[in-house]
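Structural description and commentary
Now for the letters of each chain:
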Amino acid sequence: MRCIALFLAALLLPAQAAVLAPVPEKATAFERAVVQEMSDARVQPRAYARHLREFRLYFDGTLWNRPGRVPLQTEEGLAALDEAIAFLESVRPVGPLRFNEGLALAARRHARDIGPRGALEHVGADGSRLSDRLNRLGTWQGVIAENIGTYERVPREAVIQLLVDDGVASRGHRKNLFNPNLHQAGAGSAPHRDYQVVTVIDFADGFVPKR
């Protein structure tokens, strides 16, 4: 009888392991939509410029008064928005971005790290940089980059914020978004202590998650 019991226990172990195994995190609809919006802007920048034009009516100097939203104090006002529109209407289209679940996980983990601390930097609490965080989760190829945005809970508006890049003299977020050497991306969002929500976007030429 003891042998039969041991045999039955052995049969149960795989099933128990399947139940206890952690389920990998999947990106939310918002996170996937952010990557799709960025891809749309890259593929059809002139068409995407129309979305930015819709916001021109809501500027009063440097104050951005969007309907149904708390007014947002910008640094450059309408000038930065118009510059972004001109950029989209003149830039050559680049290839689409493919959503990558591994990049999304890396982005989400960083958002959860900096959000509660009220931080906006690209260095984690443990001193890790983007390359370190990606190395923990898989293997990346070519170029990598990271964007961080705040406040926006609507995917299109989160992307428009990065395209306008108000107050960022280098327009680094916009440059990352239109970098033709970046082909994959993942977004991760989390609550932020000071700015309500933070969205991190990790880009790579290629990224293969660990099994």
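Residues numbered from 1 in each chain as written. Predicted model: local features only at pLDDT ≥ 70, side-chain atom pairs only at ≥ 80, totals over all residues. Heavy atoms only, no water.

Some remarks on the pairing of strand β7 (residues 196-209)
Two faces make up the sheet, and in a regular strand the side chains alternate between them. What counts here: Each residue's exposure class comes from its accessible area (1.4 Å probe, protein chains only) as a fraction of the maximum for that residue type: buried when under 20%, exposed when over 50%, partly exposed otherwise. Helix and strand definitions follow DSSP, with helices as H or I runs of at least four residues and strands as E runs of at least two, each counted in order from the N terminus. What makes two strands pair is DSSP finding at least two bridges between them.
In terms of burial, β7 is largely enclosed, as 10 of its 14 residues are buried. By the bridge criterion, 11 bridges tie strand β5 (residues 138-150) to β7 in an arrangement that is antiparallel. By the bridge assignment for β7, T150 is matched with V198. Across 9 bridges, the pairing between strand β6 (residues 184-192) and β7 is antiparallel. Counterpart to Q184 in the pairing with β7 is A204. Taken together, β6 and the strand that follows it, β7, pair antiparallel across an intervening segment of 3 residues.

Digging into the layout of surface pockets
Threshold: Using protein atoms alone on a 1 Å grid, points that fit a 1.4 Å probe yet trap it form a cavity, whereas open point sets bounded by protein on both sides within 12 Å along at least five of seven lines form a pocket; residues with an atom within 4 Å of a point count as lining. Grid points are joined across faces, edges and corners, and a volume is the space filled by probe spheres set on the points.
If you add up the space inside the largest pocket, you get close to 620 Å³. Residue lining of the largest pocket: 25 residues in total, with T150, Q161, D165, D166 and V168 positioned closest to the centre. At the level of secondary structure, the elements contributing two or more residues to the lining of the largest pocket comprise β3 (72-73), α4 (78-90), β5 and α7 (155-164). Residue contributions to the lining of the largest pocket peak at 4 residues, all from α7.

Side note on the sheet that holds β6
Going by this rule: What makes two residues a contact is simply this: any of their non-hydrogen atoms within 4.5 Å. Only the stretch in contact is used when fitting a helix axis, every axis being a line fitted to C-alpha atoms; angles between N-to-C directions are given from 0 to 180 degrees.
In spatial order, the strands read β4-β6-β7-β5; together these 4 strands make up an open sheet with mixed pairing. Of all strands in the sheet, those bounded by a partner on one side alone are β4 (98-99) and β5. Contacting β4, β5, β6 and β7, helix α5 (residues 101-117) crosses the sheet at an angle of about 25 degrees to β6. Packing of helix α6 (residues 130-137) onto the sheet brings it into contact with β5 and β7, and relative to β5 it is tilted by some 125 degrees.

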